[in-house]
Amino acid sequence: MGYGVGASGVALLAQGLFRRGIAEEGKAETFDYSAVRKAVADKLDNLDYDDGSYGPVLVRLAWHSSGTFSVFDNSGGSCGATMRFQPEADDPANAGLDVARDLLEPIKAQ
């Protein structure tokens, strides 16, 4: 069942998703990444979704998000979670990634 996205992959995803916001709020020193990793890992397996795991769509979200980085003006990329906003969120190449964003939003809100 699922693709078995390991804890280290979840940790990297969690750090990439939360690093900028935490640093801007001055909480980087006290932020518990292991709690975020656990929260994401706890949501990975779901028999009602696709093949039983959100792992592949989370990896796809990370891949597409980092692929938006521009070396010309240092914009885009995973830092800042710009995939949540227009026009990237509605780009046809990013179809279906709303599932991953919606899955992560409650974790981000914590």
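Residues numbered from 1 in each chain as written. Predicted model: local features only at pLDDT ≥ 70, side-chain atom pairs only at ≥ 80, totals over all residues. Heavy atoms only, no water.

Chemist: Any chance you could explain a nonpolar patch on the surface here in plain terms?
Modeler: On the surface, a nonpolar cluster with roughly 400 Å² of combined accessible area is contributed by Phe69, Val71 and Phe72. Tracing the backbone shows Phe69 in the loop between α3 (55-66) and α4 (98-109). You can call Phe69 partly exposed: its relative accessible area is 41%. (Patch = residues over 30% accessible without salt bridge, like charges linked within 9 Å, V, L, I, M, F, W, Y side chains within 5 Å. Areas by Shrake-Rupley, 256 points an atom, 1.4 Å probe, with all protein chains shown as cover. Salt bridge = Lys/Arg side-chain N within 4 Å of Asp/Glu carboxyl O. Helix = DSSP H or I, 4+ residues; strand = E, 2+ residues; numbered from the N terminus. Buried < 20%, exposed > 50% of the residue type's maximum accessible area, 1.4 Å probe, protein only.)

Chemist: Teacher, can you tell me more about the packing of α3 against α4 here?
Modeler: In a pair of packed helices, the angle between the axes and the distance between the axes together describe the arrangement. Viewed as axis vectors pointing N to C, α3 and α4 meet at an angle of 95 degrees, and their least axial separation amounts to 9 Å. Taken together, α3 and α4 sit at an angle that is classed as roughly perpendicular. Facing α3, whose interface residues are Val57, Leu58 and Leu61, α4 presents Ala100, Arg101, Leu103 and Leu104. (Axes fitted to C-alpha atoms, helices over the stretch in contact; angles between N-to-C directions. Parallel < 35°, antiparallel > 145°, perpendicular 65-115°, else oblique. Contact = heavy atoms within 4.5 Å.)

Chemist: Could you clarify how one ought to interpret the nonpolar core in this entry?
Modeler: As a rule of thumb, nonpolar side chains are buried together in soluble globular proteins. If you look at the biggest cluster of nonpolar residues, it comprises 15 residues, and the most contacted ones within it are Val40, Tyr54, Val57, Leu58, Leu61, Leu104 and Ile107. Looking at this core, the elements that each hand over two or more residues are α2 (33-44), α3 and α4. When sequence neighbours within four positions are dropped, the list of residues in contact with Tyr54 reads Lys43, Leu44, Asn46, Tyr49, Val99 and Leu103. (Core = buried A, V, L, I, M, F, W, Y, C linked by side-chain atoms within 4.5 Å.)

Chemist: Quick question: what am I supposed to make of α2 here?
Modeler: For an α-helix the count is 3.6 residues per turn, leaving residues at separations of three or four pointing the same way. Between its terminal C-alpha atoms α2 stretches 17 Å, which fits the 16 Å expected from 12 residues at 1.5 Å a residue. Where α2 is concerned, the buried positions are Val36, Ala39, Val40 and Leu44. Along α2, the residues classed as buried sweep out an arc of 150 degrees about the axis, all on the same side. (Expected span 1.5 Å × (residues − 1). Arc of directions from axis to C-beta.)

Chemist: Any chance you could explain the environment of Asp102 here in plain terms?
Modeler: With respect to the helices, strands and loops of the structure, Asp102 is situated in helix α4. Of the residues examined, Asp102 reaches a relative accessible area of 53% and is grouped as exposed. Considering only alpha carbons, one finds Asp102 and Arg84, 18 residues apart in sequence, at a separation of 9.7 Å.

Chemist: So what exactly am I meant to see when it comes to the packing of aromatic side chains here?
Modeler: The description of two aromatic rings rests on the distance between their centres and on the angle between their planes. On inspection of all chains with the given rule, the structure shows one aromatic pair. A centroid spacing of 4.4 Å and a plane angle of 20 degrees characterise the contact between Tyr49 and Tyr54, whose relative ring orientation is stacked. The class for Tyr54 is buried, based on a relative accessible area of 13%. (Phe/Tyr/Trp six-rings, centres within 6.5 Å; stacked < 30°, edge-to-face > 60°.)

Chemist: I would appreciate a short explanation of the pattern of salt bridges in the present structure.
Modeler: Counting across every chain of the model gives one salt bridge. A salt bridge links Asp42 to Lys38, with the nearest nitrogen and oxygen atoms 2.8 Å apart. Of this pair, Asp42 and Lys38 are both found in helix α2, four residues apart, which corresponds to roughly one turn of the helix. Residue classification places Asp42 among the exposed residues on the basis of a relative accessible area of 52%.

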